[in-house]
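What follows is the residue order along each chain.
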Amino acid sequence: MVGRACKIPIHYLGMVTNKILLTPLSHYFPALAPSEKASQQCYFDSAATACTLASVIEAMSNFYERAHGSVHRGVYESAERTTTQYESVRGQVAQFINARSSAEIIFTAGATDSLNTIAYVWARHILEPGDGIIITQAEHHAHYVLWHEMARRYGAHVYVLPIDPITSCVDVSGLDHLLTKSIKVFAATMSSNVLGPIWGADNYLLRQCITKVRSVGAGVIIDAAQTIAHAPIDVERLECDFLAFSVHKMGGPTGLGVLYARSSMHAHMKPYRFGGGMVAAVADDFMTWQAAPHCFEAGTPPIAQVVGLGALLDFYTKYVDFAALRQQEATLCAQLIGALESIPGVHVVGNKELLSSQGHVVSFYVDGIHAHDLASSLGQYGCAVRAGDHCAQPLSSLWGNKATVRASFFMYNSPAQVEHLIAALRNCISRWREIL
Ligand code: PLP
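Just so it is clear, the model here is predicted, and its values are computed rather than measured. (Residues numbered from 1 in each chain as written. Predicted model: local features only at pLDDT ≥ 70, side-chain atom pairs only at ≥ 80, totals over all residues. Heavy atoms only, no water.)

## Details of the site of the ligand
Here is step 1: Every residue close to the ligand is listed here: Ala-47, Ala-111, Thr-112, His-140, Thr-189, Asn-193, Asp-223, Ala-225, Gln-226, Ser-246, His-248 and Lys-249.
Here is step 2: Residue Gln-226 places a side-chain N or O atom 2.7 Å away from an oxygen atom belonging to the ligand.
Here is step 3: Expressed as a share of its isolated accessible area of 390 Å², the protein-covered part of the ligand is 86%. (Near = heavy atom within 4 Å. Polar contact = N/O pair within 3.5 Å; in protein donor to acceptor, adjacent residues only side chain to side chain. Areas by Shrake-Rupley, 256 points an atom, 1.4 Å probe, with all protein chains shown as cover.)

Structure follows, in structure tokens:
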């Protein structure tokens, strides 16, 4: 996607505003407004949840402030307007990820919900004892635990592609041996929430895997939770059957996710949640469902959040140049990694070269200091970072199950903020070393 010219190039938002203070960041992201405690908010936890865009908040509050109605139900003017708006956002999503039709877009409660939905509407109907499910060691628990649980229930086997401890990329060397007709599911994250890029330059290893698993007829599921806000996604080019993401990691509202389901899969999917909006006809002895996507959206959906998503996608389409955004985030990764490497006892996890060209997260641990202690000390300097296992426990066995500190970057982060983080980190590490 190519960004159009705008008054303040959004991909330099952080850099421009920090140097010459043209437009305060809080104009776009109100949560970044200076507070009594901190003159600048250094928010480095966007991989968990991003700050919400002002135009999203405005669209949602406009929606609540004026007459509306539920979707696909009311026949009065405001309900019909709401339905039209809701469905037009579905079309925007389809266009954003290059889906062939808006019928391939199902609204869910988040990435976790999307992934669970795939398991319930599709996988449990096709899995048989002895079948195989391939995942990677870098999966978020939303994938890792889900597929182990599905395997346990349906007598299938989970094969985990390991992360190579040297390259921090997925080791695909064992894949060919697994490729038989019994492999039914290939479920992988496009980008790790701990390591960042794990599939080599421009994800070539992922493309290889997808081609191979498709050749034995496996369904391809992509967790794009850590990709959707940072790189363009083209589901046709990717050749996936399902793709999942959360809207709150993009600068949108919580409580909303997207599940892309290729139309050729619809015939093999059965609704698993039942209620209003998903039925065509109901009698005691006869029930029929709406066509996809409506049969998978039982009950009143998160309408206001979908309206917010519409405003968010308007913003991305008008202002976000993904190539520039990637460069900005990767440059910040390189800046932080360079500084971390100069501090004795600090260990960066992940492929430093890939992170410096296409990363948005940097995770590290410090000998003798617990990640939670460090993160909490950094908080006193106005730096919000995440610490722990990041819902990816099987991955941390690569570095002795130690918790890591993770700084994640988005369009509002700048080199000046990273400088501040580095200075704060140096202070915190020496303070903790004095105490311990
Ligand atoms: N997958 C990945 C790679 C993630 O990073 C996350 C959240 O951090 C999820 C799935 C789950 O997202 P959510 O908690 O929004 O459902």
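## So, the domain arrangement of the chain
Reports often express the size of an interface as the amount of accessible area lost when the parts come together.
Here is step 1: Under the domain assignment, the chain is made up of domain 1 (12–40 + 321–435) and domain 2 (58–317).
Here is step 2: Taking only C-alpha atoms, the centre of domain 1 and the centre of domain 2 are 29 Å apart.
Here is step 3: Counting residues at the interface gives 29 residues for domain 1 and 32 residues for domain 2.
Here is step 4: Together domain 1 and domain 2 conceal approximately 2500 Å² of surface at their shared face, both sides included; 64% is due to carbon and sulfur atoms.
Here is step 5: For Arg-326, the salt bridge identified is with Asp-202, shortest N-O distance 3.4 Å.
Here is step 6: Linking domain 1 with domain 2 are 13 residue pairs in polar contact (both at pLDDT 80 or more).
Here is step 7: Looking at the side of domain 1 that touches domain 2, the elements with two or more residues in it are α11 (322–341), α12 (352–358), β12 (361–366), α14 (393–396) and β15 (404–408).
Here is step 8: The greatest single-element share of the side of domain 1 that touches domain 2, amounting to 4 residues, is contributed by α11. (Domains from an automatic or database assignment. Contact = heavy atoms within 4.5 Å. Buried area = accessible area lost by both parts, 1.4 Å probe. Salt bridge = Lys/Arg side-chain N within 4 Å of Asp/Glu carboxyl O. Helix = DSSP H or I, 4+ residues; strand = E, 2+ residues; numbered from the N terminus.)

## Structural notes on the environment of Gln-95
Here is step 1: With respect to the secondary-structure elements, Gln-95 resides in helix α4 (residues 77–96).
Here is step 2: Given the relative accessible area of 68%, Gln-95 is considered exposed.
Here is step 3: Considered as a pair, Gln-95 and Leu-313 are 218 residues apart in the sequence and their alpha carbons are 9.9 Å apart. (Buried < 20%, exposed > 50% of the residue type's maximum accessible area, 1.4 Å probe, protein only.)

## Points about the packing of aromatic side chains
Here is step 1: As enumerated under the stated definition, the model contains 14 aromatic pairs in all.
Here is step 2: Considering the side-chain rings of Trp-122 and Phe-242, the 5.2 Å spacing of their centres and the 45 degrees angle between planes classify their relative orientation as tilted. Of the two residues, Trp-122 is situated in helix α5 (residues 111–126) and Phe-242 in strand β7 (residues 242–246); the sequence distance between them amounts to 120 residues. Exposure class is identical for Trp-122 and Phe-242. Each is buried.
Here is step 3: Note on Phe-274 and Trp-289: the rings are 5.4 Å apart at their centroids and 50 degrees apart in plane angle, and the pair reads as tilted. With Phe-274 in the loop between β8 (257–261) and β9 (279–283) and Trp-289 in strand β10 (residues 286–289), this residue pair connects regions lying 15 residues apart in the sequence.
Here is step 4: Put simply, the rings of Phe-96, Phe-315, Tyr-316, Tyr-319 and Phe-322 pair up and form one aromatic cluster. (Phe/Tyr/Trp six-rings, centres within 6.5 Å; stacked < 30°, edge-to-face > 60°.)

## Side note on the sheet that holds strand β14 (residues 386–388)
Here is step 1: Here we have 4 strands laid out as an open sheet, ordered β11-β12-β15-β14, and antiparallel in their pairing. Edge positions in the open sheet fall to β11 (346–349) and β14, since each of these has one partner strand only. Strand-to-strand twist in this sheet, taken as the mean axis angle between neighbours without regard to direction, amounts to 30 degrees.
Here is step 2: Judged from the 4 bridges that link them, β11 and β12 form a sheet pairing that is antiparallel. Of the residues in β12, the one forming a bridge with Val-348 is Phe-364.
Here is step 3: Seen against the sheet, helix α13 (residues 371–379) touches β12, β14 and β15 and runs at an angle of roughly 165 degrees to β14. (Pairing = 2+ DSSP bridges. Axes fitted to C-alpha atoms, helices over the stretch in contact; angles between N-to-C directions.)

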